[in-house]
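Topology and contacts: notes
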Amino acid sequence: MAKRCKLITLIGVVVLSISACGQVVDNEPAPTLETSTMAEVIIEESVETVEETTAEKSTEETLDSQEVWVPANAPKVRNEISEEEQQAAELAILEKGTALFAGKTDEGYYPNDISWLKNAGKEDALALVYACDDEKHGGWGVLGMSINNNQESIAAMSDEPDKERLLVYTVADLMEIAGISSTAEFKAFNIGAWNGGRIAGLYYLPQDVAEELNGYLEQVEDVEKIIHTYTGALSNENATDSAKKVYQYLQDTYGKACITGQMESTWMGSPNYEMVYIEENTGKFPAIRGLDFMHNDFGGVVSRAKDWWKQGGIVTICWHTGADFASGYDESKADDINWDEAFIPGSDTYNALLEGMDRAVPYLQNLEDAGVPVLWRPFHELDGGWFWWSKGGSENFVKLWQLMYSRYTDYWGLDNLIWVYGYSQNGGDMAAWYPGDDYVDLLGADSYTDGPNENLFAECESVRPEGMPIVFHECGKIPTEEEMVSTGAKWLFFMVWHTEWLTDSANGNTIELLQEVYNSDYFITLDELPDFNK
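A short tour of the structure in this document, coming up. Keep in mind the model is a prediction, meaning the values are calculated, not measured. (Residues numbered from 1 in each chain as written. Predicted model: local features only at pLDDT ≥ 70, side-chain atom pairs only at ≥ 80, totals over all residues. Heavy atoms only, no water.)

Observations concerning the side chain of Glu474
- One can find Glu474 in strand β17 (residues 470-475).
- Side-chain polar atoms of Glu474 contact the side chain of Arg377, separated by 3.0 Å.
- Beyond its immediate chain neighbours, meaning those up to four positions away, Glu474 contacts Arg377, His380, Glu381, Ala445, Asp446, Ser447, Tyr448, Met495 and Trp497. (Helix = DSSP H or I, 4+ residues; strand = E, 2+ residues; numbered from the N terminus. Polar contact = N/O pair within 3.5 Å; in protein donor to acceptor, adjacent residues only side chain to side chain. Contact = heavy atoms within 4.5 Å.)

Considerations on unusual backbone geometry
- With phi around 70 degrees, Asn149 is a residue other than glycine that occupies positive phi space.
- Note on placement: Asn149 falls in the loop between β5 (141-147) and β6 (150-155).
- Take Asn149: its relative accessible area is 71%, and that puts it in the exposed class.
- Although it is not a glycine, Phe379 adopts a positive phi angle of roughly 50 degrees.
- Judged by relative accessible area, Phe379 falls into the buried class, the value being 4%. (Buried < 20%, exposed > 50% of the residue type's maximum accessible area, 1.4 Å probe, protein only.)

Considerations on the packing of aromatic side chains
- Following the criterion strictly, the structure yields 42 aromatic pairs and no others.
- Aromatic pair Tyr329 and Phe387: ring centres 6.3 Å apart, planes at 85 degrees, arrangement edge-to-face. Taken together, the positions of Tyr329 in helix α9 (residues 329-334) and Phe387 in the loop between β14 (374-376) and α12 (393-411) put the pair 58 residues apart, joining distant regions of the chain.
- Against the face of Trp69 rests Arg407, its NZ or CZ located 4.9 Å from the ring centre.
- Stacked on the ring of Tyr411, the Lys or Arg Arg407 has its end atom at 4.0 Å from the ring centre. (Phe/Tyr/Trp six-rings, centres within 6.5 Å; stacked < 30°, edge-to-face > 60°. Lys NZ or Arg CZ within 6 Å of the ring centre and 35° of its normal.)

Description of the sheet that holds strand β3 (residues 98-101)
- Reading across from one edge, β3-β9-β4-β7 is the order of the 4 strands in this open sheet, with antiparallel pairing throughout. Since the sheet does not close on itself, it has two edges, and those belong to β3 and β7 (165-170), each with one partner. Between one strand and the next, the sheet's axes are offset by a mean angle of 25 degrees, whatever the strand orientation.
- Bridge analysis of strand β4 (residues 125-132) against β7 gives 6 bridges, and the strand direction is antiparallel. Its bridge partner lying in β7, Ala125 is registered against Thr170.
- Here helix α2 (residues 83-94) sits on the sheet and contacts β4, β7 and β9 (197-205); the angle it forms with β9, its principal contact strand, is near 50 degrees.
- Contacting β4 and β7, helix α4 (residues 171-178) runs over the sheet at an angle of about 80 degrees to β7. (Pairing = 2+ DSSP bridges. Axes fitted to C-alpha atoms, helices over the stretch in contact; angles between N-to-C directions.)

Here we look at α2
- Taking 1.5 Å per residue as the helical rise, α2 with its 12 residues ought to reach 16 Å, and the 16 Å between its terminal C-alpha atoms agrees with that figure.
- Three or more residues of α2 are buried, namely Gln86, Glu90, Ile93 and Leu94. The buried residues of α2 occupy an angular sector of 100 degrees when projected down its axis, which confines them to one face.
- In this structure, the buried side of α2 is in contact with β4, β7, β9 and α5 (207-223). (Expected span 1.5 Å × (residues − 1). Arc of directions from axis to C-beta.)

Concerning the nonpolar core
- Residues Trp376 and Tyr408 are the most contacted members of the largest nonpolar core, which totals 110 residues.
- Residue contributions to this core peak at 8 residues, all from α12.
- Sequence-distant contacts of Tyr408, that is, excluding residues within four places in its chain, are made with Trp319, Met357, Ala360, Val361, Leu364, Trp376, Gly413, Leu414, Leu417 and Trp419.
- Counting residues in each nonpolar core, the second largest holds 31 residues, with Trp116, Ala120, Met157 and Val171 among its members. (Core = buried A, V, L, I, M, F, W, Y, C linked by side-chain atoms within 4.5 Å.)

Quick look at the pattern of salt bridges
- According to the stated counting rule, one finds 14 salt bridges in the structure shown.
- Its salt-bridge partner being Glu264, residue Arg289 comes within 2.8 Å of it at the nearest N-O pair. With a gap of 25 residues between them, Arg289 in strand β12 (residues 288-292) and Glu264 in the loop between β11 (261-263) and α7 (273-282) connect regions that are remote in the sequence. One exposure class covers both Arg289 and Glu264, and it is buried.
- The salt bridge partner of Arg377 is Asp446, with a shortest N-O separation of 3.5 Å. Taken together, the positions of Arg377 in the loop between β14 and α12 and Asp446 in strand β16 (residues 442-447) put the pair 69 residues apart, joining distant regions of the chain. When sorted by exposure, Arg377 lands in the same class as Asp446, which is buried.
- Here the residues in one salt-bridge network are Glu264, Arg289, Asp297 and Arg304, joined through shared partners. (Salt bridge = Lys/Arg side-chain N within 4 Å of Asp/Glu carboxyl O.)

Below you can see the structure in the form of structure tokens.
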């Protein structure tokens, strides 16, 4: 893809021509990156390189006015129908049916008379407009639809939790939930609401109205389809040879086999705790090692990443950090930022985001200098609602992802990153969170639910462009070959989470399962990877 960066001028200054993609703010150079005091190794060479590059950027032109680096406008991801237009059109159709109920927050629907349901046709429908008025709720179930004492949970969405949303069930769907074969067998129906749940509208729709509504929703879906431009190449046209080789291998493997992966811990006596456990019990090592920049362990991660690459393995790095990009797991969940000014160039929040993101640059650059490609997985579980980076909703998250991508790729020239876009198991409108094919190389999700998670795989498949591999980049129990193949959930790789998720058989990964997986022809281990340095 083309480089995307530009210089905007604030308050009528002349834009200067420079060779680097980026510029300075308030006549000060771009932030100098500091090494971590917690690092196990000091990467002086890389820091010096970044500092020299920064100095070149700041001395190339002398500025006497306020200017700020921003990425160029992102390519359009999809066409959109405005929310107001869509809601008005939906309401006009819903009002052709029968309004059953509209309640206040935490007020449920408990009817005494359900004759409308007993007398309904199977192609008639129930339309539910609902919301979660508790924005801190983070996406858990807030409504429960009970039919003949069989309950269907309805989750709030972390994408704008207070937004009104529409669900449509045919009467045949309701019969399946109830486990009955005739509408005459409906005995009880209700919808409970709690934790901020609100039934904004409940409508019974005869078949012709239901068909009209479904027709309109299909039109909206068709108009708002993601515009895919993926060609099978890495998003960064300047990617290093080693990154290209790893990516080509991943594409060649996808659908034919599954690559083994394991997240490390660093507090169990040795950062190789999980790797040793796997080797002792299976005679093999995982192909992919998961690392984390959490708590500023930049130097330690770089050291272990280099070692793993030298052993022939693949490296993936995530980053549990607060909004300061200098903390850990607790802060990653507790923090938030001023989303109203986060993407206003020159604002305090915007400047802080750039400065924070830049903390990792010298370490990623050091890995590039050593020839190590990285499956880079920032802002994971992006639609979950629990980490600060998803608290601003889908539109703001897309801007955040695009900002980091352009900052790292276009401004700093990090060409060893393979960008991994990681959804949660939370569900909802995945497409709304997608930043476009120019910013993603691998797409996947995390889930700690046992089994192949075929529904989650299908959701990922509905968002990604054709040909882009889908990855299971965090899991608890490893799905078996039979489970993955029989359901079609052929994840490119899995990565078991650390410590007890691997070692406690109560979480599903028994020694017998590990031996089965690590000695299967379907699962690729460290010793089976090609030599990427040839």
